Amino acid sequence: MDRALRERAQAVIPNGMYGHQSVAILPDDYPQFFAKAEGAYLWDVDGNRYIDFMCGYGPNLFGYGHEAINKAYVDQLQRGDAMTGPGPAIVELAEAMTAQVSHADWAMFCKNGTDATTMALMTARNHTRRNTIIRAKGAYHGSAPWCTPNPHGTTPGDHAHQIFCEYNDVESLEAAVREAGADLAGIFASPIKHDTFVDQELPSPEYARRARELCDEHGALLIVDDVRAGLRLARDCSWSLVGVKPDLSTWGKSIANGHAISAMLGSNVCRQAAGTIFVTGSYWFAAAPMAAAVATMGLVRDTDYLERTVALGERLRRGLDEAAQRHGFSLRQTGPAQTPLIMFDDDAGYSKGYLWNNAMLKRGVYFHPWHNMFMCAAMTEADIDNTIDRADDAFAVVKASGPLEPVAKLAWRRRAA
Ligand SMILES: *Cc1c(COP(=O)(O)O)cnc(C)c1O
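Here's what I pulled together on the structure shown here. Please read these numbers as outputs of a predicted model, since none were measured by experiment.

What follows covers the overall build of the chain. What the chain contains, in helices and strands, is 12 helices and 13 strands. Rg of the C-alpha trace for the chain: 22 Å, near the compact-globule value of 22 Å for 417 residues, within the 12% margin. With the C-alpha coordinates aligned to their principal axes, the bounding extent of the chain is approximately 60 × 55 × 45 Å. In the chain, which comprises 417 residues, the proportion classed as buried is 55%. Of the contacts formed within the chain by residues at least 6 apart in sequence, a portion of 75% connects residues at least 24 apart. For the chain, the exposed surface amounts to about 18,100 Å²; the carbon and sulfur share of it is 52%. Side chains of the chain give 40 positive and 49 negative charges; the mean places of these two sets differ by 2 Å.

To continue, consider the nonpolar core. Grouped together as the largest cluster of nonpolar side chains are 54 residues, with contacts concentrated most on Met97, Phe109, Ile134, Trp239 and Trp251. Looking at which domains feed residues into this core, each of domain 1 (2–64 + 304–409) and domain 2 (67–302) gives three or more. Setting aside residues no more than four positions away along its own chain, methionine 97 makes contact with Phe109, Trp251, Ile255, Ala263, Leu265 and Met297. Grouped together as the second largest cluster of nonpolar side chains are 48 residues, Val23, Ile51, Tyr350 and Trp370 included.

Attention now goes to the site of the ligand. Taken together, Asn112, Gly113, Thr114, Tyr140, His141, Gly142, His194, Asp225, Val227, Arg228 and Lys253 make up the full set of residues adjacent to the ligand. Glycine 113 places a polar main-chain atom, nitrogen or oxygen, 2.7 Å from an oxygen atom of the ligand. Here an oxygen atom of the ligand and a side-chain polar atom of lysine 253 are 2.7 Å apart. Compared with its free state, where it exposes 380 Å², the ligand has 88% of that area covered by protein.

The strands making up a sheet associate through hydrogen bonds between their backbones, and the pairing can be parallel or antiparallel. The sheet built from 7 strands is open, its strands ordered 4-10-9-8-7-5-6 with mixed pairing. At either end of the open sheet lies a strand with only one pairing partner, and these are strand 4 (106–110) and strand 6 (162–165). Ignoring strand direction, the axes of neighbouring strands in this sheet form an average angle of 20 degrees. As paired strands, strand 5 (residues 132–136) and strand 7 (residues 184–189) are joined by 3 bridges and run parallel to one another. Residue pairing across strands places isoleucine 133 opposite glycine 186, the latter belonging to strand 7. Lying on the sheet, helix 5 (residues 170–180) is in contact with strand 5, strand 6 and strand 7; it crosses strand 6 at an angle near 160 degrees.

Helix length check: helix 10 (residues 351–362) (12 residues) gives 17 Å between terminal C-alpha atoms against 16 Å at 1.5 Å per residue, within 8%. Most of helix 10 sits inside the fold, with 9 of its 12 residues counted as buried. Buried residues of helix 10: Ser351, Gly353, Tyr354, Trp356, Asn357, Asn358, Ala359, Met360 and Leu361, and no others. In this structure, the buried side of helix 10 is in contact with strand 3 (49–52), helix 9 (305–326), strand 12 (341–344), strand 13 (365–366) and helix 11 (381–400). Looking one or two places after helix 10, you find glycine 364, whose phi comes out positive at around 90 degrees.

Along any regular strand, the residues point their side chains to alternate faces of the sheet. Where strand 2 (residues 41–44) meets strand 3, 3 bridges bridge the pair, whose relative direction is antiparallel. Note on strand 3: the bridge partner recorded for tyrosine 41 is isoleucine 51. Hairpin connection of strand 2 to strand 3: 4 residues between the antiparallel strands, including glycine 47 at a positive phi of 90 degrees. Across 2 bridges, the pairing between strand 3 and strand 13 is parallel. Its bridge partner lying in strand 13, aspartate 52 is registered against tyrosine 366.

Here we come to unusual backbone geometry. In this structure, leucine 231 takes a positive phi of about 70 degrees despite not being glycine. Structurally, the position occupied by leucine 231 is in the loop between strand 8 (221–225) and strand 9 (248–251). The phi dihedral of asparagine 257 falls on the positive side, at around 55 degrees, and the residue is not glycine. With respect to the helices and strands, the residue asparagine 257 is situated in the loop between strand 9 and strand 10 (262–266). A residue is classified by how much of its surface remains accessible, and asparagine 257, at 10% relative accessible area, is buried.

Here is what the cut-offs are and how they apply
Residues numbered from 1 in each chain as written. Predicted model: local features only at pLDDT ≥ 70, side-chain atom pairs only at ≥ 80, totals over all residues. Heavy atoms only, no water. Helix = DSSP H or I, 4+ residues; strand = E, 2+ residues; numbered from the N terminus. Rg over C-alpha atoms; globule rule 2.2 N^0.38 Å. Buried < 20%, exposed > 50% of the residue type's maximum accessible area, 1.4 Å probe, protein only. Contact = heavy atoms within 4.5 Å. Areas by Shrake-Rupley, 256 points an atom, 1.4 Å probe, with all protein chains shown as cover. Lys, Arg positive; Asp, Glu negative; His and termini not counted. Charge placed at Lys NZ, Arg CZ, Asp CG, Glu CD. Core = buried A, V, L, I, M, F, W, Y, C linked by side-chain atoms within 4.5 Å. Domains from an automatic or database assignment. Near = heavy atom within 4 Å. Polar contact = N/O pair within 3.5 Å; in protein donor to acceptor, adjacent residues only side chain to side chain. Pairing = 2+ DSSP bridges. Axes fitted to C-alpha atoms, helices over the stretch in contact; angles between N-to-C directions. Expected span 1.5 Å × (residues − 1).

Structural data, given as structure tokens:
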């Protein structure tokens with residue numbers, strides 16, 4: 001079924017699939033199409049079940065098809081969704097999110113994380129009447145022309161007025177600020193370094209504090225892009241963990257547990273600037289995803305989901321390290337335990353990782369070899385212990401394979417490095 005759909009897709013979808021949803025550069029046996037999802041589980045179109053550690057690349061926080069969240073969604077859907085104007089849920093959601101996020105005095109809603117980061121860029125430029133923004137090399141902020149990681153179809157002008165620094169490197173941040181001079185509009189910050197293909201890094205408090213100070217000294221705005229990490233590291237903005245309040249934060253993915261909505265939150269400093277950019281979309285005021293987000297915020301506030309996902313992540317991390325050691329491997333498990341990234345030491349060609357991930361997939365575990373993964377609150381300790389058992393078997397497969405060739409489909413990446 002998956003193979004047949006891929007053939008049909010080749011005929012009617014350019015290149016068969018696009019963006020991060022293309023599985024063409026994942027290990028060979030990864031399915032492209034899925035039939036259903038429930039709780040922590042995912043079924044491909046051939047009926048294979050996986051425990052899913054990608055969580056939809058971030059949206060699944062409380063479990064796929066969460067009953068209370070979906071009930072809020074369906075109830076609102078039946079009353080009205082994309083209407084001529086928003087429903088009361090837009091106010092309830094803005095109240096809920098500003099109550100939850102300590103730097104935020106106001107909220108605006110949109111559909112994708114890219115909408116939110118692009119609005120933040122415009123707000124910073126409108127607030128300062130300047131152009132230049134600083135962001136970290138390799139950090140993802142979405143797929144609009146100004147920030148897409150692939151230059152195809154963009155102009156040099158789309159990338160103008162941007163200066164890049166190294167994440168967690170105070171000196172390179174200071175150098176970028178000097179280069180921006182009197183034109184500095186804002187500094188974009190990933191809450192953690194969660195770039196693909198490289199180890200994750202927590203923010204150093206010095207880096208985060210310096211970014212805040214530099215923005216204050218220059219009258220620029222500090223923007224934390226919490227689209228991926230938001231609600232997974234803290235119930236507040238992720239940089240509350242290092243004691244730094246941004247002027248703007250951007251949210252998406254988990255905020256409605258998979259329903260289509262994203263947000264920009266801000267402080268009173270830039271309320272006026274945010275209120276005078278023209279941004280909108282046909283579906284941005286749809287009420288049903290807002291009702292789902294209100295329900296999600298209630299669960300964020302009232303349940304132990306965060307502590308639970310941390311504990312499950314730590315259990316997984318310990319178990320995988322022990323299993324790897326039994327087979328003579330050493331893993332690089334980086335970043336917060338609830339957003340794990342797992343790679344092998346001594347694996348320049350990603351070949352061990354690809355073989356291991358493929359072996360996990362065949363055993364019913366959907367892992368990712370080079371993108372951070374996600375724990376969800378619907379996972380159980382039994383799910384984690386099961387995953388560790390499967391990992392043990394998958395390590396044996398890698399061990400038995402002997403020497404491996406670098407992964408051919410990642411040759412572009414090795415050339416770029
Ligand atoms: C996914 C992501 C975005 C873009 O969100 P979309 O909903 O895919 O447009 C922006 N920033 C970060 C950090 C992300 O992970």
